[in-house]
Amino acid sequence: MDTPSVFVTVSLVMLANGLALGVTTSSLPRSLRPAAIYWQIATLMIALGCLVFAYGTLLPAPVMVTAANSLLVLGLYGYYCSLRLFHGRTVPPLLALLPVAAMLWVLVFSAVYPDFKIRVVGMAVVWLALMGSSLYELTRRSQEATSVSRRMLTGIFAFAIACVVIRAIGYQISNVDANYALVTNDNWLNPLSPLLLPLLPIIGTTAFILMCTERLRRQLQVAASTDYLTELPNRRTLAEAGKAHYDRARRLGRGFAVAVLDVDGFKSINDAHGHDVGDQALVHVAARLRGAVRELDVVARTGGEEFVALLDDLATNEAFTAVERIRAAVEDGHFDDSRRIRITISAGVAVFRAEDDTFETVLRRADDALYVAKAEGRNRVKLAA
């Protein structure tokens, strides 16, 4: 197959991938759609660039070369913008000058001072800058580094960068004249261009769709394990963490404590000030609880105005002191001074004992202690018997 035919074939496959991504975009959450749209537009730009290369003989050579290269650079720029938006970041405005500079470079060294080798070097620098920036966007997100699709896309960008370097060096050492054309078949490097370009629009698009799918799955997992209002772990997450602590305590003899915490007089806050203020009060309490525990501890909202703190590796006296500190942190926090709303909590604390047969047994003893704290006047901490 000759070089123009390869350009046509790969451009058609790119267009099909771009349309497939367009169908997928409508099913993505709103937060991911801008990134997907940019990726789709970038894919279409590269496909059009390949078509211009294939049928560019119908145009004056400088026009064809400038148009095709400009479309390819716009495509790579679009991929970079897509990855920035995917990570919730804005696109640096000055970077938009890069496609403009690339277009002027190609125009000058194809129409004014024709020089194929200089043109290739300039375009290689632009391509490397855009793909290197995209590669940085993919690797800087260390918390998502284990994503299979992210590793796949990172590998594609890295391989494309290597190919661009080889291609640029190859043309520099080749015996080509100033008006050399890529669509001929007299150089082994010529077919490399249409074979290199589909990497991102075809394989990369598949990896990008998978990356969006993995992000969506993670968001659903977080939503299933997190309380929607306070963003604390929910009852399900607490049960899993509690079982893990219980099993470890049985296996290693490492204890833990459970504190059940309840906002005092919460119904009166709702009745007097409305549910919106009540929700704000719960968010306030959650923030105070989160700030009063250690990083290894777990604080969860288990429903209504009730919270549970899972405190790792604490003896009885230490657990009481820790929960007393939590109670004081809530009492000392200023929620809404203008309305003179004072928020306090009561707490029941239970420490793991050898006779506890499940985590729920420890939790139940802490809950019983909470009722005693409420009965004795509230705003206090009570140890389980």
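Here the structure is a predicted model, which is why all the values come from computation and not from measurement.

Regarding the overall build of the protein
In step 1: Of regular secondary structure, the protein possesses 13 helices and five strands.
In step 2: For the protein, the residues scored as buried account for 49% of the 385 residues in total.

Here we look at the packing of helix H4 (residues 97-112) against helix H5 (residues 116-139)
Think of two packed helices as two axes; the pair is described by the angle between the axes and how far apart they sit.
In step 1: At their nearest, the axes of H4 and H5 sit 9 Å apart, and the two run at 170 degrees to each other. Here H5 runs roughly antiparallel to H4, going by the angle between their axes. Contacts from Leu-98, Ala-102, Trp-105, Val-106, Phe-109 and Ser-110 in H4 reach Ile-118, Arg-119, Gly-122, Met-123, Val-126, Ala-129 and Leu-130 in H5.
In step 2: Of the residues in the contact of H4 with H5, the class split is ten nonpolar, two polar and one charged.

Re unusual backbone geometry
In step 1: The phi dihedral of Glu-231 is positive, around 65 degrees, even though this residue is not glycine.
In step 2: The exposed category is assigned to Glu-231, whose relative accessible area is 63%.

What to know about helix H11 (residues 275-292)
In step 1: Its 18 residues give H11 an end-to-end C-alpha distance of 26 Å, which sits within 8% of 26 Å, the value for a rise of 1.5 Å per residue.
In step 2: On the buried face of H11, the contacting elements are strand S1 (256-263), helix H10 (266-273), strand S2 (298-303), strand S3 (306-312), helix H12 (316-332) and strand S4 (345-351).

A look at the pattern of salt bridges
Between side chains of opposite charge, pairing is possible as soon as their charged atoms come close.
In step 1: For the coordinates displayed, the defined rule picks out 16 salt bridges.
In step 2: Asp-264 is paired through a salt bridge with Lys-374; the nearest N and O atoms lie 2.8 Å apart. Of this pair, Asp-264 sits in the loop between S1 and H10 while Lys-374 sits in helix H13 (residues 359-375); the two residues are 110 residues apart in sequence, bridging distant segments of the chain.
In step 3: Residue classification places Asp-264 among the buried residues on the basis of a relative accessible area of 9%.

A few points about the sheet that holds strand S5 (residues 381-383)
Across a sheet, paired strands are connected by hydrogen bonds in the backbone, their directions being either parallel or antiparallel.
In step 1: Spatially, five strands are ordered S2-S3-S1-S4-S5 in an open sheet, and the strand pairing comes out mixed. In this open sheet, the two edge strands, each paired with only one partner strand, are S2 and S5. The sheet shows a mean angle of 20 degrees between the axes of neighbouring strands, direction not considered.
In step 2: The strands touched by helix H9 (residues 235-252) within the sheet are S1, S2 and S3, with S3 carrying the most contacts at an inclination of about 25 degrees.

A few points about the pairing of S3
In step 1: Counting buried positions along S3 yields six of seven residues, so the element is predominantly enclosed.
In step 2: Across seven bridges, the pairing between S1 and S3 is antiparallel. The residue bridging Leu-261 from the neighbouring strand is Phe-307, located in S3.
In step 3: Two strands pair when backbone bridges link them, and S2 and S3 are joined in this way by five bridges, in the antiparallel orientation. Bridge pairing in S3 links Ala-300 to Val-308.

Digging into the nonpolar core
Most often, soluble globular proteins keep nonpolar side chains buried together rather than apart.
In step 1: Membership of the largest hydrophobic core comes to 49 residues, with the highest contact counts inside it found for Tyr-79, Trp-127, Met-131, Leu-153, Phe-157 and Phe-208.
In step 2: Secondary structure elements with two or more residues in this core: helix H2 (33-55), helix H3 (61-86), H4, H5, helix H6 (148-173) and helix H8 (200-225).
In step 3: Of all the elements, H3 adds the most residues to this core, at twelve residues.
In step 4: If we skip the residues at most four places from it in the chain, Tyr-79 touches Trp-39, Ala-42, Thr-43, Ile-46, Ser-134, Phe-157, Leu-200 and Pro-201.
In step 5: The next biggest cluster of nonpolar side chains, apart from the first, holds 34 residues, and it includes Val-277, Ala-281, Val-285 and Ala-309.

Observations regarding the packing of aromatic side chains
The geometry of an aromatic ring pair is captured by two quantities: the separation of the ring centres and the angle between the planes.
In step 1: Scanning the model with the defined rule gives seven aromatic pairs in all.
In step 2: Relative to Phe-359, the ring of Phe-256 has its centre 6.3 Å away and its plane inclined at 35 degrees; by these criteria the two rings are tilted. You can see Phe-256 sitting in strand S1 and its partner Phe-359 sitting in helix H13, a full 103 residues away along the chain.
In step 3: The class of Phe-256 is buried, set by a relative accessible area of 1%.

Rules used throughout
- By convention here, each chain's residues receive numbers from 1 onward along its written sequence.
- Side-chain atom pairs in this predicted model are given and counted only at pLDDT of 80 or more, local residue features only at pLDDT of at least 70, and totals for whole chains, interfaces and linings cover all residues.
- Processing note: side-chain calculations cover all non-hydrogen atoms of the structure and skip hydrogens and water entirely.
- Secondary structure counts use DSSP, requiring at least four H or I residues in a row for a helix and at least two E residues in a row for a strand, with both numbered from the N terminus.
- Between buried and exposed lies partly exposed: a residue is buried under 20% and exposed over 50% of the maximum accessible area for its type, with that area taken using a 1.4 Å probe on protein chains only.
- Only C-alpha atoms enter the line fits that serve as axes; for helices the fit covers just the stretch in contact. Angles between N-to-C directions range over 0 to 180 degrees.
- When an angle is under 35 degrees it counts as roughly parallel; over 145 it counts as roughly antiparallel; between 65 and 115 it counts as roughly perpendicular; any other value is oblique.
- Should any heavy atoms of two residues lie within 4.5 Å, those residues are considered in contact.
- For this classification, the nonpolar set comprises Ala, Val, Leu, Ile, Met, Phe, Trp, Tyr, Cys and Pro, the charged set comprises Asp, Glu, Lys and Arg, and every other residue, Gly included, is treated as polar.
- Expected span of a helix, by definition, is 1.5 Å for each gap between consecutive residues, and there is one gap fewer than residues.
- A pair is scored as a salt bridge if a Lys or Arg side-chain nitrogen falls within 4 Å of a carboxyl oxygen belonging to Asp or Glu.
- Paired strands are those between which DSSP finds at least two bridges.
- Among buried residues, the Ala, Val, Leu, Ile, Met, Phe, Trp, Tyr and Cys ones that are joined through side-chain atoms within 4.5 Å form a nonpolar core.
- Aromatic pairing here means that ring centres of Phe, Tyr or Trp (its six-membered ring) are within 6.5 Å. Orientation follows from the plane angle: under 30 degrees is stacked, over 60 is edge-to-face, and everything else is tilted.

By themselves these figures say nothing about function.
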